[in-house]
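Results of the structural survey
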Amino acid sequence: METKSEFFQTKAFIDGDFTPSESSSTFDVFNPYNSQLLASVADCNSDDALRAIDSAQRAFRLWKSLTGIERSKLLNRWGELMQIHKEELAEILTLEQGKPYREAIAEINYGASFVEWFAEEAKRVYGDTIPGELCNKRIIVIKQPIGVVGAITPWNFPNAMITRKVAPALAVGCTVVVKPSELTPLSALALGALANLAGIPKGVLNIVPSSKPSEIGNTFCNNDAVKKISFTGSTKIGKLLTSQSASTVKKLSLELGGNAPFIVFDDADLELAAQHAIAAKFRNAGQTCVSANRIFVQWSVYDEFLEIFTQKVSKLKVGNGLDANVDIGPLISEKAKQNVLRLVDDAVELGAKIFYQSKSKPKAESLMNPIVLTHLNPQMELFKKEIFGPIAPIYEFSTEQQVIELANRTPYGLASYFFGKDHSRIWSVAENLEYGMVGINTGMISTTVAPFGGVKQSGYGREGSKYGIDEFVSLKYLSWSI
Ligand code: SIN
């Protein structure tokens, strides 16, 4: 074990205490770079989840009765502690997730920014007054915390995807039970330790690591005390949670899969477009829902863009996330790498060409050198599926109309990007892309201050920004006869 951090916790976090699972069973967490065992973590089952829900329900009575200013102070302290301990948190994150340490630090900053932002928003959960329909009527709208929230979070951002859900929930007065990914529970538990240190009352935040995600998900969905589920993960699981939540008519927010187009028009600044394509494609080894999945380049600048882009790809360093200067860490597992390679094989079988791939042999099984592919078409699996790996397919297109049709030819609608200068085209493309987020001359759209979320089968609900609050409140209107 390399890390000595006091935030390296391995037990479940329930009612303010780190506790073994009731069955005392554990599951193992490995470093994806070298498969070394990092920890054996409490393996929660449905009974543990129910314990956590009870604790969250008890804590809800107190937490919702605090003023927004009081909750704000505690959240601010939590965010400050994340910043103070960011090196330790980043090390845990890289060890269990694999991303380069530099990116792990960026994720902790990103994660803390949600806590800081929603600590401020806690003071501003404003209602409304509406002129009454009769002269003796006054109508007032108030926003109330919805109750206990079940948050189910992914392995690709083991810190920030938790704070992006938990911070707004806590800000408005909800309490939360988090089920982190079984691949990356350590970053989640570290957040629990910091919440304790910040003085967040017991039961307000609970964390139930488990190797049985479907059992915990089912418990959340079927439990009447859980009023809301916030999920980030695959569209398949999002659909399952939706159907399982029907019996309790739960409010849901779902941040699901993506298939982001990244379009380069002929009037784009190609150097800038290539630089941002690198960032949007290779962040977290391509394992993000907003990753540039299909890069479309207009025919007249195709060769030039390909040259600039490939030059940049050839400089990316693949290796252990803890080594300095590494740009691309391991994929989360060897199985994940096999899935990515299958997409490449399928494309090659259907006529794709490997335009660039480094010949150097990666030092570990889960590492993957980036690949640039050309001669692509929409029949290939990698046109339809989220690649989740360092593969950059560069498609050629001729007209705006054609590329909009290709970009929208997917059930997903999370992130999209395009580069170009013509103002009227910028408006029409931005309006015609069927996506919840559009980056215009930028490949970096993730920020606390903007509403993150998708349309179509990428889900619904928004995280971050002032809109992030809406997911955790219910509106109540008071009709007052005077
Ligand atoms: C995700 O991949 O789910 C989130 C990425 C981000 O917030 O930038």
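Data block above holds the structure.
For the structure given in this document, a descriptive report is provided here. (Residues numbered from 1 in each chain as written. Predicted model: local features only at pLDDT ≥ 70, side-chain atom pairs only at ≥ 80, totals over all residues. Heavy atoms only, no water.)

Overview of the pattern of salt bridges
If you walk through the whole model with that rule in mind, you get 22 salt bridges. Measuring nitrogen to oxygen at the nearest pair gives 2.6 Å for the salt bridge that ties lysine 312 to glutamate 271. One end of the pair, lysine 312, is in helix α10 (residues 302-313); the other, glutamate 271, is in helix α9 (residues 270-282), and 41 residues separate them in sequence. Judged by relative accessible area, lysine 312 falls into the partly exposed class, the value being 22%. Overall, the relative accessible area of 40% leaves glutamate 271 in the partly exposed class. The salt bridge involving lysine 385 is made with glutamate 381; its shortest N-O contact spans 3.0 Å. By relative accessible area, glutamate 381 is classed as partly exposed at 25%. Here the salt bridges share partners, and the residues they tie into one network are Arg164, Lys165, Glu255 and Glu463. (Salt bridge = Lys/Arg side-chain N within 4 Å of Asp/Glu carboxyl O. Helix = DSSP H or I, 4+ residues; strand = E, 2+ residues; numbered from the N terminus. Buried < 20%, exposed > 50% of the residue type's maximum accessible area, 1.4 Å probe, protein only.)

Some points on the site of the ligand
Around the ligand sit 13 residues, and of these Tyr110, Arg164, Arg283, Cys289 and Ser446 come closest. Side-chain polar atom of asparagine 156 to an oxygen atom of the ligand: 3.2 Å apart, as the coordinates give it. At 2.7 Å from an oxygen atom of the ligand is found a main-chain nitrogen or oxygen belonging to cysteine 289. Protein chains bury 100% of the 260 Å² of accessible surface belonging to the ligand in isolation. (Near = heavy atom within 4 Å. Polar contact = N/O pair within 3.5 Å; in protein donor to acceptor, adjacent residues only side chain to side chain. Areas by Shrake-Rupley, 256 points an atom, 1.4 Å probe, with all protein chains shown as cover.)

Considering the side chain of arginine 71
Within the secondary structure layout, arginine 71 lies in helix α2 (residues 68-84). Buried charge without a salt bridge: arginine 71, with glutamate 70 as the nearest opposite-charge side chain at an N-O distance of 7.0 Å. Here the side chain of arginine 71 touches lysine 64 through a polar contact of 3.5 Å, landing on its backbone oxygen. Once residues within four sequence positions are removed from consideration, arginine 71 is found in contact with Trp63, Lys64, Leu66, Leu170, Ala171, Val172 and Gly173. (Lys, Arg positive; Asp, Glu negative; His and termini not counted. Contact = heavy atoms within 4.5 Å.)

Section: the nonpolar core
Trp78, Phe305, Phe309, Leu382 and Ile394 are the most contacted members of the largest nonpolar core, which totals 137 residues. What leucine 382 contacts, discounting residues up to four positions off in sequence, is Asn293, Arg294, Leu343, Ala347, Leu373, Leu376, Ile387, Ile391, Pro393 and Tyr395. Within the second largest apolar cluster, 23 residues are counted, among which are Val148, Ala225, Phe231 and Leu256. (Core = buried A, V, L, I, M, F, W, Y, C linked by side-chain atoms within 4.5 Å.)

Side note on the packing of helix α13 (residues 400-408) against helix α14 (residues 423-432)
At a closest axis distance of 10 Å, the pairing of α13 and α14 adopts a crossing angle of 25 degrees. It follows from the interaxial angle that α13 and α14 lie roughly parallel. As α13 packs across α14, the resulting crossing turns out to be right-handed. Here Glu400, Ile404 and Asn408 of α13 come into contact with α14, specifically with Arg425, Ser428, Val429 and Asn432. The residue makeup of the contact of α13 with α14, split by class, is two nonpolar, three polar and two charged. (Axes fitted to C-alpha atoms, helices over the stretch in contact; angles between N-to-C directions. Parallel < 35°, antiparallel > 145°, perpendicular 65-115°, else oblique. Left-handed = near helix turned anticlockwise from the far one by under 90°. Nonpolar A, V, L, I, M, F, W, Y, C, P; charged D, E, K, R; others polar.)

Remember, this is a structural readout, not a statement about activity or role.
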